Amino acid sequence: MTPALETAWQALRAHAGQIRPLHLRALFAGDTGRFEAFSLAHGDLLLDFSKQRLTAGTLAHLHALAEAADVSGWRRKMWAGDIINHTEGRAVRHVALRAPDAEAPPEVVRTRQRLRDFCDAIHTGKRRGHTDAPFTDVVNLGIGGSDLGPRMAAHALRAFRRPGLSAHFVSNIDGADLLPLLQRLNPATTLFIVASKTFGTQETLANASSALAWLRARVPAEKAGEIAARHFVAVSSNLEAAAAFGIPPEQVFGFQDWVGGRFSLWSPVGLVLALAIGFPQFEALLAGAHAMDLHFLCAPPRENLPLTLALLDVWNVNGLHAQNHAFFPYSQSLELFPVYLQQLEMESAGKSVDRQGARCAYATAPIVWGSAGTNGQHSFFQLLHQGNQLVPCDFLLLGRPDFPLPGHHAQIIANALAQSAALAFGQTGEEARAAGIPEHLVPYRTFPGNQPSTTLVLDRLTPHSLGQLLALYEHKVFCLGVLWNLNAFDQWGVELGKQMAKSILPHLTGGAPDTAALDASTRGLLRALGKSSQPG
Ligand code: F6P
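Residues numbered from 1 in each chain as written. Predicted model: local features only at pLDDT ≥ 70, side-chain atom pairs only at ≥ 80, totals over all residues. Heavy atoms only, no water.

Moving on: the packing of aromatic side chains. Across all of its chains, the model carries 24 aromatic pairs by this definition. Between Trp 79 and Phe 296 the ring centres are 6.2 Å apart and the planes differ by 45°, which places this aromatic pair in the tilted class. In this pair, Trp 79 sits in helix 5 (residues 71-80) while Phe 296 sits in helix 14 (residues 279-298), placing the two residues 217 residues apart along the sequence. Accessibility expressed as a relative area gives 25% for Trp 79, which makes it partly exposed. Residue classification places Phe 296 among the buried positions, given a relative accessible area of 0%. (Phe/Tyr/Trp six-rings, centres within 6.5 Å; stacked < 30°, edge-to-face > 60°. Helix = DSSP H or I, 4+ residues; strand = E, 2+ residues; numbered from the N terminus. Buried < 20%, exposed > 50% of the residue type's maximum accessible area, 1.4 Å probe, protein only.)

As for its placement among the helices and strands, Ala 211 is situated in helix 9 (residues 202-216). Along the chain, Ala 211 and Ala 228 lie 17 residues apart, while their C-alpha atoms are 10.0 Å from each other. If we ignore the near neighbours within four places in the chain, the residues touching Ala 211 are Leu 141, Leu 178, Phe 192 and Phe 232. (Contact = heavy atoms within 4.5 Å.)

A word on the pairing of strand 5 (residues 190-195). In terms of residue burial, strand 5 counts as a mostly covered element, since six of its six residues are buried. Where burial is concerned, the two faces of strand 5 agree: the one with Thr 190, Phe 192 and Val 194 and the one with Leu 191, Ile 193 and Ala 195 are both buried. Looking at chain direction, strand 3 (residues 137-141) and strand 5 are connected through five bridges and run parallel. Directly across from Val 139, in strand 5, lies its bridge partner Phe 192. Inspection of the sheet shows strand 5 paired to strand 6 (residues 232-236) by four bridges, in the parallel sense. (Pairing = 2+ DSSP bridges.)

Tallied over the entire structure, the rule returns zero disulfides. Sulfur of Cys 360: no disulfide; nearest cysteine sulfur belongs to Cys 479 and is 17 Å away. According to the relative accessible area criterion, Cys 360 is buried, its value standing at 13%. The structure places no disulfide on Cys 479, whose sulfur is separated from the nearest cysteine sulfur, that of Cys 298, by 14 Å. (Disulfide = S-S within 2.5 Å.)

Taken together, the neighbourhood of the ligand is formed by 14 residues, with Gly 145, Ser 146, Ser 196, Thr 198 and Thr 201 sitting nearest. Separating an oxygen atom of the ligand from a side-chain N or O atom of Ser 146 is a distance of 2.6 Å. With respect to the pocket detection grid, the ligand is positioned in the largest pocket. Tallied by class, residues from the shell around the ligand come to two nonpolar, nine polar and three charged. (Near = heavy atom within 4 Å. Polar contact = N/O pair within 3.5 Å; in protein donor to acceptor, adjacent residues only side chain to side chain. 1 Å grid on protein atoms, 1.4 Å probe; cavity = no way out; pocket = protein on both sides within 12 Å on 5 of 7 lines; lining within 4 Å. Sits in = over half its atoms within 2 Å of the grid points. Nonpolar A, V, L, I, M, F, W, Y, C, P; charged D, E, K, R; others polar.)

Counting across every chain of the model gives 18 salt bridges. With a closest N to O distance of 3.7 Å, Arg 90 and Glu 88 form a salt bridge. The residue Glu 283 makes a salt bridge to Arg 116 at a minimum N-O spacing of 2.6 Å. Placement of Glu 283 in helix 14 and of Arg 116 in helix 6 (residues 106-124) is noted, with a sequence separation of 167 residues between them. You can call Glu 283 partly exposed: its relative accessible area is 28%. Residues participating in the shared-partner salt-bridge network are Glu 88, Arg 90 and Asp 257. (Salt bridge = Lys/Arg side-chain N within 4 Å of Asp/Glu carboxyl O.)

Read from one edge to the other, the open sheet built from five strands follows the order 4-3-5-6-7, with strand pairing classed as parallel. Each edge of the open sheet carries a strand with a single partner, namely strand 4 (166-170) and strand 7 (252-254). The average angle at which neighbouring strand axes cross in this sheet is 20°, direction not considered. On top of the sheet, helix 8 (residues 175-182) reaches strand 3, strand 4 and strand 5; it is set at about 155° to strand 4, its chief contact. (Axes fitted to C-alpha atoms, helices over the stretch in contact; angles between N-to-C directions.)

On to the layout of surface pockets. In this structure, the largest pocket encloses a volume near 960 Å³. Lining the largest pocket are 36 residues, with Thr 198, Thr 201, Val 494, Glu 495 and Lys 498 sitting closest to its centre. Contributing elements (two or more residues each) for the lining of the largest pocket: helix 9, helix 16 (337-349) and helix 21 (495-509). Its residues assigned to classes, the lining of the largest pocket shows ten nonpolar, 16 polar and ten charged. (Points joined across faces, edges and corners; volume = space filled by probe spheres on them.)

Geometrically, the link from Gly 373 to Thr 374 is a cis peptide bond, its omega value of 10° lying close to zero. Counting through the fold element by element, Thr 374 comes out in the loop between strand 9 (367-370) and helix 17 (381-386). In the Ramachandran plot, Asp 132 falls in the positive-phi region, its phi being about 75° despite a non-glycine side chain. A positive phi angle, close to 55°, is found at Asn 485, a residue other than glycine.

Written out as structure tokens, the structure is:
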């Protein structure tokens, strides 16, 4: 850590000691300019962070930290294609995937054209299944970044879906994900996309093999050989493995290793989405993300939305000691956003070893969770209002509804605004009494408040605005990596469990009866599952 950074952290910690005891009521008292001072707008987005527990002084400390951590220098490195993912020896260039054709790398432009042509061929019926019937269903077989982004975006943009082609998503290795779907599909009119950056992910390969077997069993024997070529395409950066699976090279849409899985929606991983909403709408999504890229690149720090979001996280985690962060989209169409965000944020910043290989002496990524409002209000919001955990929240609201029904939009907005205000300001015992609450119930009807939140307003939910929103959070995560001195682009933490699953599998399939090398719990569970008769 440089001396300047050390100083900035120390100053922030000392300042946090002064701010922690303050209540949001006090911060808002007599204040007329708080919203103006602590809100930003860009494109289709408004960011109100006035209900965060901070002052103008806090912001000054946070920006000093960003400067000492050299966020702008790291941003330059990312844009220049430097190897900033040092543990995997890779550049991080997903922003290149949404650059306009004139500015994007030639291989990106070529792949984009192939995707455009492919979508066109499917939509116009130029490309058909083995009986010559047009495709009616497309199934994306992928997991993690090869599933969460397109699944979330396809759901978010369901108002833009093209008729005639239904998109489905299968990620889990549990047969209960794939089989019930296959039972509803027509093999003659179903297209499968095997989406796997590495083409080595167990879940995706198992689902792809089962889908292929299902298809082969349902076509005349003379067509079985060509079925993979007619009904399967692959999306991967491992072209050899896709070819080995039987998908011809002209049906493999490749992308580069400088695209991280959780940042890959903009790559051919977005194919299922492009098929669902049409390529022009997919391009609008790319354009929205590009607009946010330009904002992130050019806006001064204090007007910079992604940097501001990241600094708020640092403040809540390192200043106020929050250990989790809840995200509440008050939009049913965005209900999958928290799940998408969990991978984006926790796979990126859920680390405790810094870029120099040393253990971080400070807290890093909080646990991200959440669900759509208003549903959560009737479930876990009790804990937010009267439990004893600090839970910073992000509320996301749409300025205009994507599915208008008389009266509904006003009600969902009223609920979102009410919740963030109730969480911030609570209700004192005196207020409860004044509202007529009987004395013996006053302790139960008191709300401590002081739960901080940020409210994001997305003017309308369109491909373009969704692109802005997703790029906003991607860049926030980039900033967090810099601020916490982490490599936000590797994910070694997922490997150990994968390897152990490989060594446990033979015990379940009869290939390795000797369980002596396993721990007592695993041995006991295998016995209970009837897979081993050996004594513990
Ligand atoms: O196991 C984690 C992970 O590697 C994620 O980072 C990735 O998004 C996901 O698995 C799927 O990987 P792939 O696209 O290579 O199948």
